[in-house]
Amino acid sequence: ESGKIDVLSKLLDLYDPQLTLIFANTKRRVDEIVSQLQARGYLGEGLHGDMNQSQRERVMGKFREGRIDILIATDVAARGIDVPDVDLVVNFDVPQDPEYYIHRIGRTGRAGKSDRSFTFVSGKEMWKLRDIQRFAKIRIAQQAVPKEHEIFTRKAELLAQKIHDMIDKGKLDPETLQVRQIMGEEYTSLEVAAALLSLYAGSGQRSD
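Residues numbered from 1 in each chain as written. Predicted model: local features only at pLDDT ≥ 70, side-chain atom pairs only at ≥ 80, totals over all residues. Heavy atoms only, no water.

1. Examining the overall build of the protein
The helix and strand tally for the protein stands at 8 helices and 5 strands. For the protein, the α and β elements follow one another from N to C terminus as α-β-α-β-α-β-β-α-β-α-α-α-α. Each of the 208 residues in the protein was classed as buried or not, and the buried ones make up 35%. Within the protein, contacts between residues separated by at least 24 positions form 69% of all contacts whose residues are at least 6 apart in sequence. A total of about 13200 Å² of accessible surface is found on the protein, and carbon and sulfur atoms cover 51% of it. (Helix = DSSP H or I, 4+ residues; strand = E, 2+ residues; numbered from the N terminus. Buried < 20%, exposed > 50% of the residue type's maximum accessible area, 1.4 Å probe, protein only. Contact = heavy atoms within 4.5 Å. Areas by Shrake-Rupley, 256 points an atom, 1.4 Å probe, with all protein chains shown as cover.)

2. With respect to the pairing of strand 4 (residues 88–91)
Going residue by residue along strand 4, you find Leu-88 and Val-90 tucked away on one face and Val-89 and Asn-91 tucked away on the opposite face as well. Both strand 1 (residues 20–23) and strand 4 contribute to a ladder of 4 bridges, which runs parallel. Directly across from Ile-22, in strand 4, lies its bridge partner Val-90. Across 4 bridges, strand 4 lies against strand 5 (residues 116–119) in parallel orientation. Across the sheet, the residue bridging to Val-90 is Phe-118, located in strand 5. (Pairing = 2+ DSSP bridges.)

3. Topic: helix 2 (residues 27–39)
Between the first and last C-alpha of helix 2 there are 19 Å, a value that for 13 residues agrees with the 18 Å anticipated at 1.5 Å per step. At the exit of helix 2 stands Gly-41, carrying a positive phi of roughly 95 degrees. (Expected span 1.5 Å × (residues − 1).)

4. Considering unusual backbone geometry
A positive phi angle is found at Asp-16, which is not glycine, with a value near 45 degrees. Looking at the element boundaries, Asp-16 is found in the loop between helix 1 (2–15) and strand 1. Its relative accessible area of 37% is what places Asp-16 among the partly exposed residues.

5. Focus on the environment of Glu-150
Topologically, Glu-150 is positioned in helix 6 (residues 148–169). Note on Glu-150: relative accessible area 36%, which makes it partly exposed. Separated by 137 residues in the primary sequence, Glu-150 and Asp-13 have C-alpha atoms spaced 9.9 Å apart.

6. Notes on a nonpolar patch on the surface
Side chains of Ile-163, Ile-167 and Leu-197 sit close together on the surface and give an oily, nonpolar patch of about 250 Å² of accessible area. With respect to the element layout, Leu-197 can be found in helix 8 (residues 189–200). (Patch = residues over 30% accessible without salt bridge, like charges linked within 9 Å, V, L, I, M, F, W, Y side chains within 5 Å. Salt bridge = Lys/Arg side-chain N within 4 Å of Asp/Glu carboxyl O.)

7. Regarding the confidence of the model for the protein
Where the model shows low pLDDT, its predicted coordinates should not be examined in detail. Averaged over every residue, the pLDDT of the protein is 82; the share at 70 or more is 89%. When pLDDT is averaged over each helix and strand of the protein, the minimum, 76, is found for helix 6 and the maximum, 95, for helix 2. Segment residues 203–208: pLDDT under 50, and 5 contacts once partners within four positions in sequence are set aside and those in other chains are kept. (pLDDT = per-residue confidence, 0-100.)

8. Description of the pattern of salt bridges
Enumeration over the complete set of coordinates arrives at 11 salt bridges. When the shortest N-O distance is used, the salt bridge between Arg-40 and Asp-6 registers 2.7 Å. Linking Arg-40 in the loop between helix 2 and strand 2 (44–47) with Asp-6 in helix 1, this pair joins segments that are 34 residues apart in sequence. Judged by its relative accessible area of 40%, Arg-40 falls in the partly exposed class. Ionic pairing is found between Asp-50 and Lys-27, a salt bridge with its closest N-O pair at 3.0 Å. With Asp-50 in the loop between strand 2 and helix 3 (53–64) and Lys-27 in helix 2, this pair connects stretches of sequence that are 23 residues apart. When its relative accessible area of 36% is taken as the criterion, Lys-27 is described as partly exposed. Connected through shared salt-bridge partners, Lys-4, Arg-28, Arg-29, Glu-32 and Asp-93 make up one network.

Laid out in structure tokens, this is it:
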């Protein structure tokens, strides 16, 4: 279970999706994923059959508006979901019914978008995946778990883009003053920027 959460975290960090839909087969599994993702700092909430209509609508409203970017749901609870901007679908559990797979991955790649879906499969579940491929007349490609260096490189790329956007928009006078104070007479702006990037990207404790 924790291994799947680790892989899920890596996918979220690597692809940095705006809206992610995660499917689980049971209400209990939904709650477990929600608690573990929230403990890791991700903005996710669950949707399942034990919730009343107002609770479901509240969660769906937050998801549509981007106030949460991850929704974890059972197949039954997800029937009424119609969010066109989902760009990552993860099948945390292999669906019980091959037809559910079509409904799940149909939530992404709309309006000409080229988005992603992943299915977590343990060894004993491979026959379920073969059934799904026969039913849907598709081939599901096997993919290796992202490596830490790939995730770090991707995070750095995303951060660089955000920095470029902020510079282009201007309005960085207070931050510029702070950088000058950090520099003093001993450090260059390049060194300060590199140190801040290292801290922000989570590599500030490297030993090399």
